[in-house]
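Listed below, chain by chain, are the residues.
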Amino acid sequence: MKQIVVLGAGYAGLRTVTQLQKKLKDQAHITLVNREPYHYQATMIHEVAAGNIPTSKVTFDIQPLLNPSQTTLIVDTVINVDPDARTVQLANHDDLHYDYCVLAVGFISETFGIKGAEENSLPLTNVKQAEAINQHIEEQMKAYQKDHNPNDLKIVVCGAGFTGIELVGELADARPRYAKLAGVNPEDIHIEVLDAAARLLPMFNDKLAHYGISLVKKLDVTVTTQALIQEIKPGVVLYRKAGEGDDQPLHQIQANTIIWTTGVSGSSVIAKAGLKQRRGRVMVTGHLTDPDHDDLYLIGDVAAVMPPQGKRPYPTTAQIALSMATFVAEDLTARLKQQQRPSNYVYHSQGTVASVGDTRGLGTTGSLSLKGYPASALKKIIVDKSLLELGGMKLMMKKGRFDLYH
Ligand code: FAD
């Protein structure tokens, strides 16, 4: 029997497995490897980071979604893939051999080599890091009761991309709780977000992006643009404003919580595997395989897919990760059943929605622009639909978002 190995049970990997289980009978055995026994919904980890929802709301066990006669789950860390030998090296298990491999190990934080960023700021790329951020913030708030250090009350988010903006919206919602822990008024909690760009939220048109930033500012979040971060020291962000010379002193912000959301790259496993990649992403073929290894698929945040006539790959999102997984399940099924393979992968975006806290947001779907509450409700409906497709009504009812009415 052919052996399919799927690495990573995020949006891309888990969807691949559940679809393959439906399409294949005894043509192949699937081995799914994931670092944890649970799946986390990465699109909601900023809510966990702010402490607005518990981890249990964004995680669920993987095993109940698997058919044990078709799929074996191995909970372990992928150390390396040898695409020529068709083997996968794991931290605590014997090597795996595959006929087909689907690499879907997701994203890691990108520091762009900025000094001190790794050591002195908190990344937000998985649910454990999100929990660590929440714990850190709570500790600073409690510390304020004892030491009255004003920096305990300051939270700085480096990077005002999609994640940074969604995060500050959640942090602003959490202010009353932080204030209670610190024994201060909510307005004493200072939240600031910095970015090198002059124009934020580039995925939206000018009008919508302007609306999004005005939402954030209304929540009393300081938004500093054209801030080129030079270094992160313990408790200090050092930056230069665009246009300022090297001879001018750097600007400083002191804060005891510094969160790093300037960008992400694909998993370090991709470079280690010796694949031709850039920032942990491989420019995949029309069938989402590695250009040099037709039996190795790369999907989700480790893949770069160029739009027709495009100059830059599509942004990596859960939406495209899920769509790639559906395609790979079809392609693999056709290969295993020796049927005609689908023609090249084409991506149809359904739109983009960003939340700014629990009840506000902005987004586009088709030609429609959404603002405020409808955008926030749509975001929750997208989560519910994704859960329904993955694990049916039971999973959606258990983990879905039904807090639509406010
Ligand atoms: P992931 O979801 O990251 O899954 C990777 C899996 O692999 C995880 O289970 C991980 O534990 C496992 N893994 C990683 N390394 C290893 C290893 N070495 N060994 C074993 N297992 C490993 N996208 C949208 O479309 N819409 C949104 O609204 C949106 N909002 C977002 C908000 C935030 C705060 C963030 C951070 C991201 C958001 N995204 C959004 C982007 C989206 O989350 C990612 O594009 C998506 O998660 C990528 O899916 P993936 O399956 O490639 O990787």
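Before reading on, note that the structure itself is shown above.
Residues numbered from 1 in each chain as written. Predicted model: local features only at pLDDT ≥ 70, side-chain atom pairs only at ≥ 80, totals over all residues. Heavy atoms only, no water.

## Structural notes on the overall build of the protein
A tally of regular secondary structure across the protein gives 11 helices and 26 strands. C-alpha extents for the protein along the principal axes are approximately 65 × 50 × 45 Å. Evaluated residue by residue, the protein yields a buried proportion of 53% over its 406 residues. Counting only contacts in the protein whose residues sit at least 6 apart along the sequence, the fraction spanning at least 24 positions is 64%. For the protein, the accessible surface area stands at approximately 18,500 Å², while carbon and sulfur atoms represent 51% of it. With 42 positive and 42 negative side-chain charges, the protein shows a spacing of 6 Å between the two charge centroids. (Helix = DSSP H or I, 4+ residues; strand = E, 2+ residues; numbered from the N terminus. Buried < 20%, exposed > 50% of the residue type's maximum accessible area, 1.4 Å probe, protein only. Contact = heavy atoms within 4.5 Å. Areas by Shrake-Rupley, 256 points an atom, 1.4 Å probe, with all protein chains shown as cover. Lys, Arg positive; Asp, Glu negative; His and termini not counted. Charge placed at Lys NZ, Arg CZ, Asp CG, Glu CD.)

## So, the environment of Lys-207
With respect to the helices and strands, Lys-207 occurs in helix H8 (residues 206-218). Judged by relative accessible area, which is 65%, Lys-207 ranks as exposed. A sequence separation of 162 residues divides Lys-207 from Ser-369, and the C-alpha atoms of the two residues are 9.9 Å apart.

## Quick notes on helix H11 (residues 373-399)
The terminal C-alpha atoms of H11, which comprises 27 residues, lie only 21 Å apart, well short of the 39 Å expected from a rise of 1.5 Å per residue. Along H11, the sharpest kink reaches roughly 135 degrees, centred on Gly-391. (Expected span 1.5 Å × (residues − 1). Bend = angle between axes of the 7 residues up to and from the residue.)

## Examining the sheet that holds strand S7 (residues 87-90)
Strand order in the open sheet made by the three strands is S6-S7-S8, with antiparallel pairing throughout. Each edge of the open sheet is held by one strand with a lone partner, namely strand S6 (78-82) and strand S8 (96-97). (Pairing = 2+ DSSP bridges.)

## Describing the nonpolar core
Ranked by size, the top nonpolar core spans 114 residues in total, and within it Ile-4, Leu-171, Leu-288 and Leu-298 carry the most contacts. Leave out the neighbours within four places in its chain, and Ile-4 touches Leu-20, Leu-24, Ala-28, His-29, Ile-30, Thr-31, Tyr-100, Leu-332 and Leu-336. Counting residues in each nonpolar core, the second largest holds 14 residues, with Ile-229, Ile-253, Ala-255 and Ile-258 among its members. (Core = buried A, V, L, I, M, F, W, Y, C linked by side-chain atoms within 4.5 Å.)

## Re the packing of helix H5 (residues 127-147) against helix H7 (residues 175-182)
Contact geometry for H5 and H7: axes closest at 7 Å, N-to-C directions at 40 degrees. In this view, H5 runs oblique relative to H7, as classed from their interaxial angle. Judged by residue contacts, Asn-134, Ile-137, Glu-138, Met-141, Lys-142, Tyr-144 and Gln-145 of H5 engage Arg-177, Tyr-178, Lys-180, Leu-181 and Ala-182 from H7. Residue classes in the contact of H5 with H7 are distributed as six nonpolar, two polar and four charged. (Axes fitted to C-alpha atoms, helices over the stretch in contact; angles between N-to-C directions. Parallel < 35°, antiparallel > 145°, perpendicular 65-115°, else oblique. Nonpolar A, V, L, I, M, F, W, Y, C, P; charged D, E, K, R; others polar.)

## A look at H5
The end-to-end C-alpha separation of H5 is 30 Å, in line with the 30 Å expected for 21 residues at 1.5 Å each. Val-127, Ala-130, Ile-133, Asn-134, Ile-137, Gln-140, Met-141 and Tyr-144 are the residues of H5 that are buried. The buried residues of H5 occupy one face: seen down the axis, they fall within an arc of 145 degrees. Within H5, the exposed residues directed more than 90 degrees away from the buried face are Lys-128 and Lys-146. (Arc of directions from axis to C-beta.)

## Some words on the pairing of S6
Two elements, S6 and S7, share four bridges in a ladder whose sense is antiparallel. The residue bridging Val-78 from the neighbouring strand is Leu-90, located in S7. Between S6 and S7, which pair antiparallel one after the other, the connecting turn spans four residues, and Arg-86 there sits at a positive phi close to 55 degrees.

## Focus on the site of the ligand
Around the ligand, the surrounding shell holds 33 residues, and the nearest of these are Ala-12, Glu-36, Val-78, Asp-301 and Lys-379. The separation between an oxygen atom of the ligand and a polar side-chain atom of Glu-36 is 2.9 Å. Take Gln-319: an N or O atom from its main chain is 3.1 Å from an oxygen atom of the ligand. Computed on the free molecule, the ligand has an accessible area of 990 Å², of which 92% lies beneath the protein chains in the complex. Mapped onto the shell around the ligand, the elements with two or more residues apiece are helix H1 (11-23), helix H2 (45-49), helix H6 (162-173) and helix H10 (318-336). Classifying every residue of the shell around the ligand by side-chain character gives 15 nonpolar, 12 polar and six charged. (Near = heavy atom within 4 Å. Polar contact = N/O pair within 3.5 Å; in protein donor to acceptor, adjacent residues only side chain to side chain.)

## Things to note about the packing of aromatic side chains
Considering all chains together, one arrives at two aromatic pairs under this definition. Seen in terms of ring centroids, Tyr-314 and Tyr-347 are 5.0 Å apart; in terms of plane orientation they differ by 80 degrees. Their pairing is edge-to-face. You can see Tyr-314 sitting in the loop between strand S23 (303-304) and H10 and its partner Tyr-347 sitting in the loop between H10 and strand S24 (352-355), a full 33 residues away along the chain. Between Phe-327 and Tyr-345 the ring centres are 5.5 Å apart and the planes differ by 75 degrees, which places this aromatic pair in the edge-to-face class. Remark: Tyr-345 occurs in the loop between H10 and S24 and Phe-327 occurs in helix H10; sequence separation between them is 18 residues. (Phe/Tyr/Trp six-rings, centres within 6.5 Å; stacked < 30°, edge-to-face > 60°.)

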